[in-house]
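Residue-level structure breakdown
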Amino acid sequence: MKQVYSSISEARVLPELIRIDDNLIAAKFFLMKLLPAKFILERALKNGDINEDTVVLESTSGTFGLALALLCNQYNLKLILVSDPAIDVHLNNRLTELGARVDIVTEPAEVGGYQAARLERLAHYRRQHPNHFFPAQYENKMNPGAYAFFAEQLISAFGKVDILVGSVGSGGSMCGTLKALRTMHPQTMGVAVDSNVSMLFGRPDGGAKRIIRGLGNSLMPQNLDHSVFDQVHWLNASEIACATRTLHKRHGLYCGPTSGAAFKVARYLADQNPDKKVVFICADEGYRYSDNIYSPTWWRENQLVEDDQLSLAPECITDPSMDAENWSYLPWHRRSLTEVMNPLSTVGIA
């Protein structure tokens, strides 16, 4: 007999683990950001940091906002989310339906783009509502800390994960999961997947050129610990979008672009390492992306190319700032960003 859950957040907080090949497993979340949002809010409620008059405030254009909306609806808490034009109309409608107030900034900041503008607007609300709670997904250490529960699930299911692959935005999921996995198996390999126009791993920020959201960033989140990664892969928009559709067409997993990006890299690594168990993170479902990733009109408008025109394997580069427009990767060797960007580094590249 199956367990009966008390809420959607309890039922769907951890992923389904789906074997899609002998050595390739998808960790398929309903909504991955439920895990840190639930952990952060429940800890704040327990500690008395939130009461019935508290206003929860956050800056988000994606799934962390949805997770907060689901939870604040469940706990009957007031919620104000600051977003930007990247938020899709369906998500905006859903957030509002769940009771959140969504304030969309219309102009990017000169430095830091929309994310910096959102934080400035958020500061206004924090002054306006002294009794507020700010989950701060990009800097709250409970964000990566929450993924210890996911790591426990993986260890319980497989004993050991040889390679973990995931897209990086705030840094919480990959950094938190890797650190927890390595308490049992220090050799677990961590592979980050980023947009090729993101500044997270040493590339110039592409700003508006980053048409696919969820991975990449225009500001450096405090929760991103570069030193946990063994490799970093960069993909362009066509590569991410094609991989997302391939994941659906071949395996029936209807997911968002962060999942597709992780799948593309994980599929390659699983083929290259048939004796290694490779797990990749599928962060959310694909319904939010019906008007873009899964839309032929959006593809034409953004001049994306199809799979048969894309690279089958990544180009190995020696410097993040190298002008690589297509799939590329850098052996990161668990170094800090400063060490990688320092041309005098003596760490060998393999």
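Residues numbered from 1 in each chain as written. Predicted model: local features only at pLDDT ≥ 70, side-chain atom pairs only at ≥ 80, totals over all residues. Heavy atoms only, no water.

1. Details of the pattern of salt bridges
Scanning the entire structure with this criterion turns up 14 salt bridges. A salt bridge links Lys28 to Glu285; the nearest nitrogen and oxygen atoms lie 3.6 Å apart. With Lys28 in strand 2 (residues 24–28) and Glu285 in the loop between strand 10 (278–282) and helix 11 (296–301), this residue pair connects regions lying 257 residues apart in the sequence. Given the relative accessible area of 8%, Lys28 is considered buried. Residue classification places Glu285 among the partly exposed positions, given a relative accessible area of 22%. (Salt bridge = Lys/Arg side-chain N within 4 Å of Asp/Glu carboxyl O. Helix = DSSP H or I, 4+ residues; strand = E, 2+ residues; numbered from the N terminus. Buried < 20%, exposed > 50% of the residue type's maximum accessible area, 1.4 Å probe, protein only.)

2. Considering the sheet that holds strand 5 (residues 101–104)
Taken in spatial order, the four strands of this open sheet run 5-4-3-6, and their pairing is parallel. Of all the strands in the sheet, just strand 5 and strand 6 (132–133) have a single pairing partner and so form its edges. Taken together, the two bridges between strand 3 (residues 55–59) and strand 6 define a ladder with parallel strand orientation. Looking at the pairing, Val56 lines up with Phe133 of strand 6. Sitting on the sheet, helix 3 (residues 63–75) is in contact with strand 3 and strand 4 (78–83), with an inclination near 170° to strand 4. Docked against the sheet, helix 5 (residues 113–128) engages strand 3, strand 4, strand 5 and strand 6, running at close to 165° with respect to strand 3. (Pairing = 2+ DSSP bridges. Contact = heavy atoms within 4.5 Å. Axes fitted to C-alpha atoms, helices over the stretch in contact; angles between N-to-C directions.)

3. Structural notes on the sheet that holds strand 9 (residues 231–235)
An order of 1-2-10-7-8-9-12-11 is seen for the eight strands of this open sheet, with the pairing classed as mixed. Looking at which strands have only one partner, the edges of the open sheet turn out to be strand 1 (16–21) and strand 11 (315–316). Sheet analysis places strand 7 (residues 163–167) next to strand 8 (residues 189–195), joined by five bridges and oriented parallel. Along strand 8, the bridge assignment pairs Val165 with Val191. Along the sheet face, helix 9 (residues 237–251) touches strand 1, strand 9 and strand 10 and points at about 95° away from the line of strand 9.

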